[in-house]
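Secondary and tertiary structure notes
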Amino acid sequence: MKYLFSLVLVIFATAARAQEPAQWKGKFEQLEQMLPTPNEYRTGSGAPGPKYWQQQADYDIKVELNDDNQSITGSETITYHNNSPDVLKYLWVQLDQNLFAKDSNTPRTATSNVVDSVTTKTIAGQLSLIDFDGGFKLKSVTDASGKPLKYFINATMMRVDLPQPLKSKEKVSFNVEWSFNIVDRNLLGGRSGVEYFPEDKNYIYTVAQFFPRMCVYDDVVGWQNKQFLGRSEFTVPFGDYKVRITVPADHMVGATGMIQNPTEVLTQTELQRFEQAKKSFDKPVIIRTQAEAVAKEQSKVREKKTWEFAATNVRDFAFATSRKFIWDAMAVKIGTNTPLAMSYYPKEGNPLWEKESTIAVKNTLEVYSKFTIDYPYPQATSVHTASIGMEYPMICFNFGRPDKNGTYPDRTKWGMIGVIVHEVGHNFFPMIINNDERESTWMDEGINSFVQYLTERERYKDKPVGRGSASGLVDYMKGDPSTKRPLMTSGENVVQIGSEQYGKAATALNILRETVMGPELFDRAFKEYAQRWAFKHPKPSDFFRTLEDASAVDLDWYWRGWFYTTDNLSVSLDDVKWFRLRNTTADPEGKNKQVTKGDLGPKSGSNGKDFSGGPQYFSVITTDDRLYQEFQNKVDDKAIIGKLENKNIYEITVSNKGGLIMPVIIEWTYKDGTKEIERLPAEIWRLNESKVTKVFAKDKEVVNVVIDPKKETSDIEEADNAFPRVQQPSKFDEMRKKTN
Ligand SMILES: [Zn+2]
């Protein structure tokens, strides 16, 4: 609208002249070639395409635990369904236990250096001084008829050559027999392992990566056979599992899926309590009590029992077994589903575990389901373990152990609740929304840490905030740039994995939700992503595209800054100038005052420090008829000037010093003590990415202006966010705490 433009032009003339040449970096341009070209498998909208396909791998597994030497012996039949349009000459199988083999590349590719003093445990790890015979020992790899198949092993990957190429839409079955020694996690680390309890001479086994399992073959990378070096996690296809686990008869077993033969392995009393638990929605029912578990610790029977489990449409299988386990469970109402929330823990976990674990599982299922999809599996289990948190479908291993006398500091309780929410949350990312963990760590760890943050804010308000808050990222953002990597970096190549792939990604999503999109728009788009990609394999571009597609918010600038760079967030409120109108409605053309065009020279406005110099005066002049050209509708000069007559006009200048783009959140504090917050969308930066100036008309006099008053953007330098500048940020903080 032209006539308005001419009026605005006069006011802004000074500002436009004062601006420095913009450093344009295309921050608002589309990602285009940075994202893969859409095709019939993955669309430009971020949804699976009409010809989207994924492979399926079904397993029939038998394993036996040897409690005397802590080893596993197993056999399996894998049925591999080739749903791809391609013909496959060979199949790639993951041999994750080879991480612990003598020739493992993991210690060889770990850097180390000599320091003044070092613990035995650290140097033993660095120089591989602990003698452990790890890795899979394969007994046979045979076809369905039992004939040996050709295969070769490259570190943690095995290529099985097929006698006949596997055509599209066909399936093939083959068998593997193996054994391996279970790693002592306290000595050698690892995600699967055993812990010994010297007082009662028993073990807790948390067993995973215990069977040779298929790699993912997909439309983007073909076989994902990138080696397992220990950190970047797993990329696994969906399938149905039937697993028989043979353990000492006094053991209690928890696993992925549902138990198929409860009458064979549980006592009559346990069976009754289990049935009770399925109907108990308000609190957990203890199925094997502490007293019963303690009695088992002494029994140490030699006989064995076989537990049968089945799971449908899962991407992996894990189990935990011990005679030390107490077991409790309760039902949870999720839409039309009533999954069980369950926990397995030794007496060493009590009284904390019986109080908090299963409730934390329930809370997690409820809140995650609200933000994503209704939890579709029949159960979710939390297992007590020494020092790690690790996730598998329907089961996860979590730390959090009270002191020997049963007391525990808050830190232990919150740590344990945090890890349970996190690991149970992984059921959604990546167990159901099944991304490539080996390559795109942030898609499971970052997204999951973000929903963990939402869950804890909703259900554990007293818990200290973990990863995900905006202010929590500031220390990382201020840190050494040489160790920072963009989020779109393979997890294996990242130096600060926790701060970035978990923390920065979670904060990025939190700020996106709270500050950029607003919860309503974000939640709708995020849910759409979960719905589209549940039980499928999404890529980063599918996430980026879906969030835009479902919200009508162009977020390429946000992905570009937060996911493809290591830029910081640092805005500075450079100046606030205070003006008032020189002319009035009584003298609309300001004829009684000396008006000179361009009289607001560089010295005009505020003194650059505070408002003590009082306002400067500027003129609004009537719009010359010639400027309307042929248009008949004209601005009512008097009315416009009347609207501005008693106003305080403020011109603020904000510069972007960190590189990351963010909405500009302005807090005005008025002379009468009241406050007002104004939020300007990030697009205000689109013409000048480094400096913007904007004019506001306020009824009241302003005494203070602060950018990002509630610290919602991870701004790394607060001192330059206020006008007038605050000399001592600590006092300022105190003042602000009182007023907010
Ligand atoms: Zn995690």
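All values reported here derive from a predicted model rather than from experimental measurement.

1. Examining the overall build of the chain
When its secondary structure is counted, the chain shows 19 helices and 31 strands. When the backbone C-alpha atoms are referred to their principal axes, the chain occupies close to 110 × 60 × 60 Å. Across the 740 residues that make up the chain, the buried fraction comes to 54%. Taking all contacts inside the chain whose residues are at least 6 apart in sequence as the whole, residues at least 24 apart take part in 75%. Only carbon and sulfur atoms are counted for the fraction: they give 51% of the accessible area of the chain, which is about 32500 Å².

2. Concerning the coordination of the zinc ion
Within the protein, the zinc ion binds to His422 (NE2), His426 (NE2), Glu445 (OE) and Glu445 (OE); these donor distances fall in the range 2.0 to 2.6 Å. One way to put it: the four donor atoms around the zinc ion meet at angles of 54 to 152 degrees, and that makes the site irregular. Each donor residue of the zinc ion belongs to the same chain, and together they define the spacing H-x3-H-x18-E. According to the relative accessible area criterion, histidine 422 is buried, its value standing at 8%. With relative accessibility at 0%, the residue histidine 426 sits in the buried group.

3. Focus: the sheet that holds strand 18 (residues 319-322)
Spatially, four strands are ordered 8-9-18-14 in an open sheet, and the strand pairing comes out antiparallel. The two strands at the open ends of the sheet, each matched to only one other strand, are strand 8 (193-197) and strand 14 (252-255). Neighbouring strand axes in the sheet, compared pairwise and without regard to direction, differ in orientation by 10 degrees on average.

4. Here we look at helix 16 (residues 556-564)
Helix 16 sits mainly inside the fold: nine of its nine residues count as buried. Buried within helix 16 are the following residues: Asp556, Trp557, Tyr558, Trp559, Arg560, Gly561, Trp562, Phe563 and Tyr564. Those residues of helix 16 hidden inside the fold are in contact with helix 11 (441-459), helix 12 (474-478), helix 13 (497-517) and helix 15 (540-549).

5. Regarding the environment of glutamate 170
Relative to the helices and strands, glutamate 170 resides in the loop between strand 6 (157-166) and strand 7 (171-181). When residues no more than four places from it in sequence are discounted, the contact partners of glutamate 170 are Tyr80, His81 and Asn82.

6. Topic: the environment of glycine 239
Positionally, glycine 239 belongs in strand 13 (residues 239-248). Given a relative accessible area of 1%, glycine 239 falls into the buried group. Linking glycine 239 and asparagine 398, residues 159 residues apart in sequence, is a C-alpha distance of 25 Å. Not counting chain neighbours up to four residues away, the residues in contact with glycine 239 comprise Gln56, Ala57, Asp58, Ala311, Thr312, Asn313 and Val314.

7. Quick look at the confidence of the model for the chain
Per-residue confidence for the chain gives a mean pLDDT of 92; residues scoring 70 or more make up 92%. This model gives residues 601-605 a pLDDT under 50, and the stretch forms six contacts once residues within four places in sequence are excluded.

8. Examining the packing of helix 8 (residues 352-371) against helix 11
Two elements in contact, helix 8 and helix 11, have axes separated by 10 Å at closest approach and are oriented at 115 degrees. Crossing of helix 8 over helix 11 shows right-handed handedness. Taking contact as the criterion, the partners of Asn363, Thr364, Glu366, Val367, Tyr368, Lys370 and Phe371 in helix 8 are, on helix 11, Asn448, Val451, Gln452, Leu454, Thr455, Glu458 and Arg459.

9. Concerning the pattern of salt bridges
Counted under the stated rule, the structure contains 53 salt bridges. Two residues, aspartate 67 and arginine 323, come together in a salt bridge whose shortest N-O distance is 3.2 Å. Separated by 256 residues along the polypeptide, aspartate 67 in the loop between strand 1 (56-66) and strand 2 (71-81) and arginine 323 in the loop between strand 18 and strand 19 (326-331) bring together distant segments of the chain. Of the two residues examined, aspartate 67 and arginine 323, each falls in the buried class. Between arginine 580 and glutamate 701 there is a salt bridge, and its shortest N-O distance comes to 3.4 Å. In this pair, arginine 580 sits in strand 24 (residues 571-581) while glutamate 701 sits in the loop between strand 29 (691-698) and strand 30 (702-707), placing the two residues 121 residues apart along the sequence. Assessed through its relative accessible area of 22%, glutamate 701 is described here as partly exposed. One network of salt bridges, in which partners are shared, links Asp200, Glu297, Lys324, Lys347 and Glu348.

10. Focus on the packing of aromatic side chains
On inspection of all chains with the given rule, the structure shows 56 aromatic pairs. Measuring from centroid to centroid gives 5.9 Å for tryptophan 92 and phenylalanine 152, while their planes differ by 85 degrees, and the two rings are edge-to-face. Residue tryptophan 92 is located in strand 3 (residues 88-94), and its partner phenylalanine 152 is located in strand 5 (residues 150-154); the two are separated by 60 residues in the primary sequence. Classification of tryptophan 92 by relative accessible area gives buried; the value is 10%. Taken together through their ring pairs, the aromatic side chains of Phe28, Trp442, Tyr529, Phe543, Phe544, Trp557, Tyr558, Trp559, Trp562, Phe563 and Tyr564 make up a single cluster. Geometry around phenylalanine 234 places arginine 213 over its ring, the cationic atom sitting 4.6 Å from the centre. Note that lysine 278 overlies the ring of phenylalanine 274, its terminal NZ or CZ placed 4.4 Å from the centroid.

11. As for the side chain of threonine 653
Residue position: threonine 653 is located in strand 26 (residues 648-656). Residues in contact with threonine 653, not counting those within four places in the same chain, are Ser572, Leu573, Asp574, Asp575, Lys691, Val692 and Thr693.

12. Remarks on a nonpolar patch on the surface
On the surface, a nonpolar cluster with roughly 420 Å² of combined accessible area is contributed by Val115, Val118, Ile123, Leu127 and Leu129. Positionally, valine 115 belongs in the loop between helix 2 (105-108) and helix 3 (120-126).

13. Some points on the sheet that holds strand 29
The strand order 25-24-26-29 describes an open sheet built from four strands, whose pairing is mixed. Of all the strands in the sheet, just strand 25 (616-618) and strand 29 have a single pairing partner and so form its edges. For this sheet, the mean angle separating the axes of adjacent strands, direction not counted, is 35 degrees. As paired elements, strand 24 and strand 25 share three bridges and run parallel to each other. Looking across to strand 25, one finds that phenylalanine 579 is bridged to glutamine 616.

14. A closer look at the packing of helix 13 against helix 16
Two numbers describe how helix 13 lies on helix 16: the axes approach to 11 Å, and their chain directions differ by 155 degrees. Here helix 13 is positioned roughly antiparallel relative to helix 16, judged by the angle of their axes. The hand of the helix 13/helix 16 crossing is right-handed. Facing Lys504, Ala508, Ile511, Leu512 and Val516 of helix 13, the residues of helix 16 in contact are Trp557, Tyr558, Trp559, Trp562 and Phe563. Taken together, the residues of the contact of helix 13 with helix 16 sort by class into nine nonpolar, no polar and one charged.

15. Quick notes on helix 15
Given 3.6 residues per turn, any residue in an α-helix points the same way as the ones three and four places further on. Buried residues dominate helix 15, accounting for nine of its 10 residues. Within helix 15, burial applies to Pro540, Ser541, Asp542, Phe543, Phe544, Arg545, Thr546, Leu547 and Glu548. Residues of helix 15 that are buried make contact with helix 11, helix 13, helix 14 (519-533) and helix 16.

16. Some remarks on the environment of serine 322
Residue placement: serine 322 occurs in strand 18. Judged by relative accessible area, which is 0%, serine 322 ranks as buried. It is 9.9 Å that separates the C-alpha atoms of serine 322 and valine 194, two residues lying 128 residues apart in sequence. Discounting chain neighbours no more than four positions away, the residues touching serine 322 are Tyr203, Ile204, His251 and Met252.

17. Considerations on unusual backbone geometry
The step from phenylalanine 429 to proline 430 runs through a cis peptide bond, and the omega angle for that step is 15 degrees. Turning to its location among the elements, proline 430 is positioned in helix 10 (residues 427-432). In this model, phenylalanine 723 is joined to proline 724 through a cis peptide bond whose omega is -5 degrees. Along the polypeptide, proline 724 turns up in the loop between strand 31 (722-723) and helix 19 (729-739). One non-glycine residue with positive phi stands out, namely glutamine 209, at about 45 degrees. Secondary-structure assignment places glutamine 209 in the loop between strand 9 (202-207) and strand 10 (213-214). Relative accessible area serves as the criterion here: at 5%, glutamine 209 is assigned to the buried category.

Analysis parameters
Residues numbered from 1 in each chain as written. Predicted model: local features only at pLDDT ≥ 70, side-chain atom pairs only at ≥ 80, totals over all residues. Heavy atoms only, no water. Helix = DSSP H or I, 4+ residues; strand = E, 2+ residues; numbered from the N terminus. Buried < 20%, exposed > 50% of the residue type's maximum accessible area, 1.4 Å probe, protein only. Contact = heavy atoms within 4.5 Å. Areas by Shrake-Rupley, 256 points an atom, 1.4 Å probe, with all protein chains shown as cover. Donors = N, O, S within 2.8 Å, 3.2 Å for Na, K, Ca; no water. Tetrahedral: all angles 85-135°; square planar, octahedral: opposite > 155°, others 65-115°. Pairing = 2+ DSSP bridges. Axes fitted to C-alpha atoms, helices over the stretch in contact; angles between N-to-C directions. pLDDT = per-residue confidence, 0-100. Left-handed = near helix turned anticlockwise from the far one by under 90°. Salt bridge = Lys/Arg side-chain N within 4 Å of Asp/Glu carboxyl O. Phe/Tyr/Trp six-rings, centres within 6.5 Å; stacked < 30°, edge-to-face > 60°. Lys NZ or Arg CZ within 6 Å of the ring centre and 35° of its normal. Patch = residues over 30% accessible without salt bridge, like charges linked within 9 Å, V, L, I, M, F, W, Y side chains within 5 Å. Parallel < 35°, antiparallel > 145°, perpendicular 65-115°, else oblique. Nonpolar A, V, L, I, M, F, W, Y, C, P; charged D, E, K, R; others polar.

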